[in-house]
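Remarks on the overall topology
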Amino acid sequence: MRGRRGDRMTINIQEHMAINVCPGPIRPIRQISDYFPRPGPGPEGGGRDFRAAPARLAPLALAPPAALLGATTPEDGAEVDSYDSDDTTALGMLEFDLLYDQASCTLHCSILRAKGLKPMDFNGLADPYVKLHLLPGACKANKLKTKTQRNTLNPVWNEDLTYSGITDDDITHKVLRISVCDEDKLSHNEFIGEIRVPLRRLKPSQKKHFNICLERQVPLASPSSMSAALRGISCYLKELEQAEQGPGLLEERGRILLSLSYSSRRRGLLVGIVRCAHLAAMDVNGYSDPYVKTYLRPDVDKKSKHKTCVKKKTLNPEFNEDFFYEMELSALATKTLEVTVWDYDIGKSNDFIGGVSLGPGARGEARKHWSDCLQQPDAALERWHTLTSELPPAAGALPSA
C-alpha cells in the first residue's frame, strides 16, 4: 500500500523487535522470518511467504556491519576504529618543540600552534592559552603559561617557555603535562584538552618536534568548589597517588642553585646562593618575596646563620651572594648544611617555602654534592637542588625573621 506524501511511515512491532539493540553496530538477526513469520500469499495475507526462502536472507545477515551502514571497508583505506579517532581529534591538535640542554640544566618548551580546537564560547570560537606543569611536583611551583589568543580555534603562539634546574634525574622520571584551556573573564577558565610527555623520550641537546591530538583528561576540581563527599574522594585519590609513587614523597616547592667550595687558603667553606627557580607562590598576587637562610649543623654557639636580601614579587629570584664558614676540612665531614627559602611578610610571620639539607646524612644529589666538595678542595661546584615542603626540625625551632 502506497502512503500519501507527508504521512508518517509506521513500523509494526514485529519488525521493530527484530532489531538487535545490543551496544555496537546494528546487526540484523539472522533469518528474521523464522522468528516473526508473516502471513502467506493469498487474499488474506496479501503478501508472499518469506519462510520459503530463508537462504535469501542469509547473505544479508552475514554481511559485515560496515557494508550494511554504507561505510568503506579497510581495503578502501579508511580507519576501522574511526569513532575513537573522531572523538580525539574533536579537541584539536597541538604542535610544539622540546629541547633538553644538559649543560645549562634547562628544558626549553616552544609552544608553536594549535589547530581545530573545540569551540568553547557562544560565538563558536575560543580564547585558548597553554599551561605547563612538571609531574610529579607542586603545580604552583612549576607552572608556566603562554599568552591568550582571542577568538580563534587555530591559535599561533610561537612562545618559548623555559624550566631551569632540570637534572638528569628529572629527565628520567618526570612527565611534562601540557594543558590547553579557554580563558573566560566572567567565570572559571575551561579545560579543553591536554598532552603528557615523559621526559625520558628526549635526548640531550636534540630538539624533538611534536604534533599530537589533545586528550580528554580533566583534572580534579579544586576542594573549595566541591561538596564534602567529593572533597573526601579527592583526598582519597591524592593519598592513593602518593602511595603509588612511593613512601616518603615530599611536595616540591621549587629549585635552588647552590655553589660549594672549600678554600684551602682561607680554611673554610664558601657557600654561594646563586638563584632560585619556580618557587611556590605564597602571596595572593601569585608571587612571593623570597630570601634564603643557611645554617651549618650542629650549631652549638648559634653563630652559623646567614641570610640573603629579600627579592620582591618574584618566583625566580637571583641572589648571587656568598657566605663563608671558617672550619677545618676534617670537621665538615660531620656537619650538615641546611638551606631554607622563606617568603617575607610585613607585620606577621614569614612563610616557609621549601628547604634542602646537604651533608653525610642527605640523599641523592644533595649527598653527592657535599661529598664532591670535600673530595675536591678549591673547586667551585654548582648544582641544582629540589626544595621540598619538609621543614627541617632545627630550622623550625628558630625565628622565621
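Residues numbered from 1 in each chain as written. Predicted model: local features only at pLDDT ≥ 70, side-chain atom pairs only at ≥ 80, totals over all residues. Heavy atoms only, no water.

**A closer look at the overall build of the protein**
Quick reminder of the rule: Runs of E in the DSSP output that reach at least two residues are strands. Runs of H or I that reach at least four are helices, and both are numbered from the N terminus. Only protein chains enter the accessibility calculation, which uses a 1.4 Å probe; a residue is then buried when its area is under 20% of its type maximum, exposed when over 50%, and partly exposed in between. By definition in these notes, contact holds between two residues if any of their heavy atoms fall within 4.5 Å. Only the protein chains shown count as cover for residues, and all accessible areas are computed by the Shrake-Rupley method using a 1.4 Å probe.
The number of helices and strands found in the protein is 10 helices and 16 strands. Counting the 401 residues in the protein, one finds 37% classified as buried. Sequence separation of at least 24 residues holds for 64% of the intrachain contacts in the protein that already meet a minimum separation of 6. Only carbon and sulfur atoms are counted for the fraction: they give 53% of the accessible area of the protein, which is about 24,000 Å².

**Quick notes on the pattern of salt bridges**
This is how it is decided: Think of a salt bridge as a Lys or Arg side-chain nitrogen and an Asp or Glu carboxyl oxygen that are within 4 Å of each other.
Across all of its chains, the model carries 13 salt bridges by this definition. One salt bridge connects Glu-183 with Arg-150, and the closest N-O pair in it is separated by 2.5 Å. In this pair, Glu-183 is assigned in the loop between β6 (175–182) and β7 (190–198) and Arg-150 in the loop between β4 (144–145) and β5 (156–164), connecting sequence segments 33 residues apart. Judged by its relative accessible area of 17%, Glu-183 falls in the buried class. Note that Arg-255 is salt-bridged to Glu-252, the shortest N-O span being 3.7 Å.

**What about the sheet that holds strand β3 (residues 128–135)?**
Where we set the bar: By this definition, two strands are paired if DSSP reports at least two bridges between them.
Ordered by their spatial adjacency, 4 strands build an open sheet running β4-β3-β6-β7, and the pairing between neighbours is antiparallel. With partners counted over all chains shown, the strands left at the sheet margins are β4 and β7, one partner each. For β6 and β7, the ladder comprises 8 bridges, and the chain directions are antiparallel. Counted as the bridge partner of Leu-176 is Val-197 from β7.

**Some thoughts on helix α9 (residues 364–375)**
Note the cut-off: Given the number of residues in a helix, its expected span is that number minus one, multiplied by 1.5 Å.
Taking 1.5 Å of rise per residue, the 12 residues of α9 would be expected to cover 16 Å, and the 17 Å separating its terminal C-alpha atoms lies within 8% of that figure. Burial in α9 covers these residues: Ala-366, His-369, Trp-370, Asp-372, Cys-373 and Leu-374. Packing partners of the buried residues in α9 comprise β9 (252–263), β10 (268–277), β11 (290–297), β14 (336–343), β15 (351–358) and β16 (381–388).

**Things to note about the packing of aromatic side chains**
Basically, it comes down to this: Each Phe, Tyr or Trp ring (for Trp, its six-membered ring) is paired with any other whose centre lies within 6.5 Å, and the angle between the two planes then decides the class: stacked below 30 degrees, edge-to-face above 60, tilted in between.
All chains considered together, the criterion is met by 2 aromatic pairs. Aromatic side chains Phe-96 and Phe-210 sit 4.9 Å apart centroid to centroid with 10 degrees between the ring planes, which places their arrangement in the stacked category. One end of the pair, Phe-96, is in strand β1 (residues 93–101); the other, Phe-210, is in strand β8 (residues 208–213), and 114 residues separate them in sequence. Assessed through its relative accessible area of 3%, Phe-210 is described here as buried.

**A closer look at the sheet that holds strand β2 (residues 106–115)**
Note: strands within a sheet are paired through backbone hydrogen bonds, in either parallel or antiparallel orientation. What counts is decided by this rule: Only C-alpha atoms enter the line fits that serve as axes; for helices the fit covers just the stretch in contact. Angles between N-to-C directions range over 0 to 180 degrees.
Strand order in this open sheet of 4 strands is β5-β2-β1-β8, and the pairing throughout is antiparallel. At either end of the open sheet lies a strand with only one pairing partner, and these are β5 and β8. Strand-to-strand twist across the sheet, computed as the mean angle between neighbouring axes with direction ignored, equals 20 degrees. Two elements, β1 and β2, share 9 bridges in a ladder whose sense is antiparallel. Note on β2: the bridge partner recorded for Leu-99 is His-108.

**Concerning the pairing of β14**
Most of β14 is tucked away: 7 of the 8 residues are buried. Across 8 bridges, the pairing between β11 and β14 is antiparallel. Bridging from a neighbouring strand, Arg-297 pairs with Thr-336 of β14. Where β14 and β15 come together, 7 bridges link them in antiparallel fashion. When the sheet's bridge partners are listed, Leu-337 is paired in β15 with Leu-358.

**Observations concerning the environment of Lys-335**
Structurally, Lys-335 can be placed in the loop between β13 (318–326) and β14. Considered as a pair, Lys-335 and Leu-358 are 23 residues apart in the sequence and their alpha carbons are 8.8 Å apart. Those residues in contact with Lys-335 that lie beyond four places of it in its chain are Leu-296, Arg-297, Pro-298, Met-327, Leu-358, Gly-359, Pro-360 and Trp-370.

**Structural notes on the nonpolar core**
Filter applied, for reference: As used here, the term nonpolar core means buried Ala, Val, Leu, Ile, Met, Phe, Trp, Tyr and Cys residues forming a set that is joined through side-chain atoms within 4.5 Å.
Counting 32 residues, the largest nonpolar core has Leu-94, Phe-96, Leu-132, Tyr-163 and Leu-176 as the members making the most contacts within it. Breaking this core down by element, the ones donating at least two residues are β1, β2, β3, β5, β6 and β7. Apart from the residues within four sequence positions on either side, Tyr-163 is in contact with Cys-105, Thr-106, Leu-107, Cys-109, Leu-132, His-133, Leu-134, Asn-142, Lys-143, Leu-144, Leu-176 and His-278.

**Here we look at the confidence of the model for the protein**
Inclusion rule: You can read pLDDT as the predictor saying how much it trusts each residue, on a scale of 0 to 100.
Summary statistics for the protein give a mean pLDDT of 77 and a share of 66% for residues scoring 70 or more. Across residues 242–248, confidence stays below pLDDT 50; counting only partners more than four residues off in sequence or on other chains, it has 1 contact. Segment residues 394–401: pLDDT under 50, and 19 contacts once partners within four positions in sequence are set aside and those in other chains are kept.

**A look at the environment of Pro-119**
Structurally, Pro-119 is set in the loop between β2 and β3. Expressed as a C-alpha distance, the spacing of Pro-119 and Leu-91, which sit 28 residues apart in the sequence, is 8.6 Å. With residues up to four places along the chain from it excluded, the contact list for Pro-119 reads Gly-124, Leu-125 and Leu-153.

**Some remarks on the pairing of β16**
Of all 8 residues making up β16, 6 are buried, and the element is well covered by its neighbours. Alignment of β9 against β16, held across 8 bridges, turns out to be antiparallel. From the neighbouring strand, Ser-259 faces β16, where its bridge partner is Glu-382.

**Some words on unusual backbone geometry**
Excluding glycine, a negative phi dihedral is what most residues carry, and trans is how most peptide bonds are arranged. Here the amide bond leading from Leu-135 into Pro-136 is cis, since omega sits at -5 degrees, within 30 degrees of zero. Position of Pro-136 among the secondary structure elements: in the loop between β3 and α6 (139–142). Of the consecutive residues Arg-297 and Pro-298, the connecting peptide bond is found in the cis state with omega at -10 degrees. The topology assignment puts Pro-298 in the loop between β11 and β12 (306–307). With a phi close to 55 degrees, Asn-158 is a non-glycine residue in the positive phi region. Assignment of secondary structure puts Asn-158 in strand β5. Not every positive phi belongs to a glycine, and Asn-320 is a case in point at roughly 55 degrees. You can see Asn-320 is positioned in strand β13.

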